[in-house]
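Each chain, letter by letter, is given below.
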Amino acid sequence: MMPLLILLGWQACAVSPPKGDSGQFTPTDAEVEQYNARVAPEDRIVCRQEKPVGTYIAKRVCRLQVDVDATSSLHRQQLRRVLN
Amino acid sequence: MLRLLIFMALSCPALAQETGSALPYSSVYEQRRSEQLIARGLLHMEAKDFRAAEKTFLDAVQVAKVNYGLRAPQQRAALEHLIEALLAQQKWQLAGDQLSYFEWLNDEIYLRDFYDYLRGTKQLSELLYRASADADNSNSTRYLILAKNLSWRAISAIEATLGETDPELVPWLYDVVLAHYYQVSLIKRRSLLNEVTAQGDSTAYHGWTLAKSESLRISYRIGRDLLRRIQLILSTSEDSPTEASALAVLYQADWELLFGHETAAMTLYGEASRQLSAIGVPTDRLDLLFGRPRVLPEPVLYTSVSELEAALAEGPIQFRAWTPNYPGAQLPSAQVARADGPQPGSALVEFTLLPTPPIALMDNRRIIKLGFGLRNVDVLELTPQNSALDDEVRYQMSLLQLRPPLKNGMPVEMDRLQLRYHFAPQQALPTNRES
């Protein structure tokens, strides 16, 4: 019985993204850090305040770190192309 | 007959002599030999012969593997010492490999014995802290982050196995809080600070400036949330809930003070004192408890007043600096201390601790005030005697944050306080001071 309970516990420990992806609620910094500590680097998320185009009101947005890196890299490339 | 001769040759004490063992054994992989090898390795460590120690501990790990199995927890004792020997030789790559192996082994133990997994996690966390404390290790911050992630995984495991409000979570949550403090203390490295003088209403304030980075704010928020969670867990646990939760408020106040939120800190100190008083802790006992300032953050989270009282020793406040990597941080525990290097010395300092009026502090929000409330710092003793060290002690003292002495929940001035400052191993002496 005990090994079964432990196994269930381990299953429950399986990775699931932090709650609140609806835009109404975003995970806290602690929840993000706890989640990132359990997943592979490509699944890590980063949350930050962003100002969407057309408003000064910042909003907390969470994205995959790899997406943020890829977007930054793309923007750098485009900027370099324009400047050259 | 030939087999018998071979067996005798293998089991005879001559083999033991050949390998330098004082005790004979019947087989190179005999179970008790692992313990003998560990004992011998520790002697090598004491003699600072780290190379020999490494080899001996490596043999001990192999013997434990043969006797108990590839995934057996019995390897951990030898493995821990092996990593220590590698760290002492600054073999970072090999130490990193063995740390990864330790983690893999510990994860294997999770399914078999949950509490043993937690013990192994603590052991590994202490090893990672040691690796992160080495001033010569360019990768030291990485080990701090690994230790913090390890604590988070232990928290996830406890939540999944015992529940999200189990008191077992408390020390692990506090470990993450401390890890964030160490992370923040990285910015106190002298090269990252600028000395400035700012003008308040009528008084000039002298301090150090630093752009408040997002990571600083994140660390503050995470620490604050975790301490609130600790308080919530302790207030619902059966074992003297109010005393433990009142003390948790004290730690919340400490956290606010560490991040320069003096007004919030004073409110919380008052709240902690009121709660303790409400559950029947006599005023004179409270005055005694809060009359002895402590260097923050406390490395241990005390959940009972008697535990906290026991930790308050008579005589000067003792402060053991951990490492130059984390300025102003005290040694987390004896298990994390380095035993392989010389201790650079100590100083006895006398000072006055003042409660600073919150209104003046509100004007300087953008300044990180180091050494809040320290005045009339006087260096009474220096070991070794070196006049240049005097400035260094004063600088190191300015990095410390002390819990203010409280009377009836209100901070009061305290004169002629003494603190024994033990320099961190590897502390660069004043001649190496950065400009």
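The structure reproduced in this document is the subject of the present report.

Basis of the calculations
Residues numbered from 1 in each chain as written. Chains lettered and ligands numbered in written order. Predicted model: local features only at pLDDT ≥ 70, side-chain atom pairs only at ≥ 80, totals over all residues. Heavy atoms only, no water. Helix = DSSP H or I, 4+ residues; strand = E, 2+ residues; numbered from the N terminus. Buried < 20%, exposed > 50% of the residue type's maximum accessible area, 1.4 Å probe, protein only. Contact = heavy atoms within 4.5 Å. Areas by Shrake-Rupley, 256 points an atom, 1.4 Å probe, with all protein chains shown as cover. Polar contact = N/O pair within 3.5 Å; in protein donor to acceptor, adjacent residues only side chain to side chain. Nonpolar A, V, L, I, M, F, W, Y, C, P; charged D, E, K, R; others polar. Phe/Tyr/Trp six-rings, centres within 6.5 Å; stacked < 30°, edge-to-face > 60°. Lys NZ or Arg CZ within 6 Å of the ring centre and 35° of its normal. Salt bridge = Lys/Arg side-chain N within 4 Å of Asp/Glu carboxyl O. Pairing = 2+ DSSP bridges. Axes fitted to C-alpha atoms, helices over the stretch in contact; angles between N-to-C directions.

### Thoughts on the overall build of chain A
Assigned secondary structure in chain A consists of 3 helices and 2 strands. Listed by position from the N terminus, the elements making up chain A come as α-α-β-β-α. In chain A, which comprises 84 residues, the share counted as buried stands at 21%. Long-range contacts, defined here as pairs at least 24 residues apart, represent 19% of the contacts in chain A between residues at least 6 apart. Just so you have it, chain A exposes about 6300 Å², and 59% of that area is on carbon and sulfur atoms.

### Topic: the overall build of chain B
A tally of helices and strands in chain B yields 16 helices and 10 strands. Buried positions account for 49% of the 435 residues belonging to chain B. Excluding contacts between residues fewer than 6 apart, the proportion of contacts in chain B whose partners are at least 24 apart in sequence is 69%. Within the structure as shown, chain B displays about 20300 Å² of accessible surface, and the carbon and sulfur contribution to it stands at 54%.

### Considerations on the interface of chain A and chain B
Contact with chain A, which involves 13 residues of that partner, is made by 18 residues of chain B. Counting every contact that joins chain A to chain B gives 8 residue pairs in polar contact (both at pLDDT 80 or more). If you list the elements that add at least two residues to the side of chain A that touches chain B, you get α1 (2-12) and α2 (29-38) of chain A. Split by residue class, the side of chain A that touches chain B holds 7 nonpolar, 3 polar and 3 charged.

### With respect to the packing of aromatic side chains
Residue and element names in this part refer to chain B. The full count for this structure, using the stated rule, is 16 aromatic pairs over all chains. An angle of 35 degrees between the planes, with centres 6.0 Å apart, marks the rings of Tyr182 and Tyr326 as tilted. Residue Tyr182 is located in helix α9 (residues 169-185), and its partner Tyr326 is located in the loop between β4 (317-320) and β5 (346-353); the two are separated by 144 residues in the primary sequence. You'll find Tyr182 and Tyr326 in the same group, each marked buried. One aromatic cluster in this structure is built from Tyr129, Tyr181, Tyr182, Trp322 and Tyr326. Geometry around Trp172 places Lys122 over its ring, the cationic atom sitting 5.8 Å from the centre. In this structure, Arg142 is placed above the aromatic ring of Tyr143, and the distance from its NZ or CZ to the ring centre is 5.5 Å.

### As for the side chain of Glu33(A)
Within the secondary structure, Glu33(A) is located in helix α2. Of the polar contacts made by the side chain of Glu33(A), one reaches the side chain of Lys148(B); its length is 2.9 Å. When residues no more than four places from it in sequence are discounted, the contact partners of Glu33(A) are Lys148(B), Trp152(B), Val176(B), His180(B) and Ile222(B).

### Here we look at the pattern of salt bridges
Residue and element names in this part refer to chain B. A complete count under the given rule lists 23 salt bridges over all chains for this structure. The closest approach of N and O atoms between Arg229 and Glu159, which form a salt bridge, is 2.7 Å. On the criterion of sequence distance, the pair formed by Arg229 in helix α10 (residues 214-236) and Glu159 in helix α8 (residues 140-162) is long-range, its members being 70 residues apart. Arg229 sits in the partly exposed class, given a relative accessible area of 21%. By relative accessible area, which is 17% here, Glu159 ends up buried. Among the charged side chains, a network of salt bridges with common partners joins Asp254, Arg294, Glu298 and Arg403.

### Looking at the sheet that holds strand β6 (residues 374-383) of chain B
Residue and element names in this part refer to chain B. If you trace the 4 strands from one edge of the open sheet to the other, you get β4-β10-β5-β6, paired in mixed fashion. Whereas interior strands pair on both sides, the edge strands pair on one side only; in this sheet they are β4 and β6. The mean inter-strand angle of the sheet, taken between neighbouring strand axes irrespective of direction, is 25 degrees. As paired elements, β5 and strand β10 (residues 414-422) share 7 bridges and run antiparallel to each other. What sits directly across from Leu353, in β10, is Met414. Each of β5, β6 and β10 touches helix α16 (residues 387-398); the most contacted strand, β6, lies at about 135 degrees to it.

### Concerning the environment of Ser185(B)
Residues and elements named next belong to chain B. Within the element layout of this structure, Ser185 appears in helix α9. Through-space distance from the C-alpha of Ser185 to that of Leu399 is 9.3 Å; in sequence the pair is 214 residues apart. When neighbours within four sequence positions are excluded, Ser185 is seen to be in contact with Tyr326 and Pro327. Within the structure, the side chain of Ser185 is placed 2.7 Å from the backbone oxygen of Tyr182, a separation counted as a polar contact.

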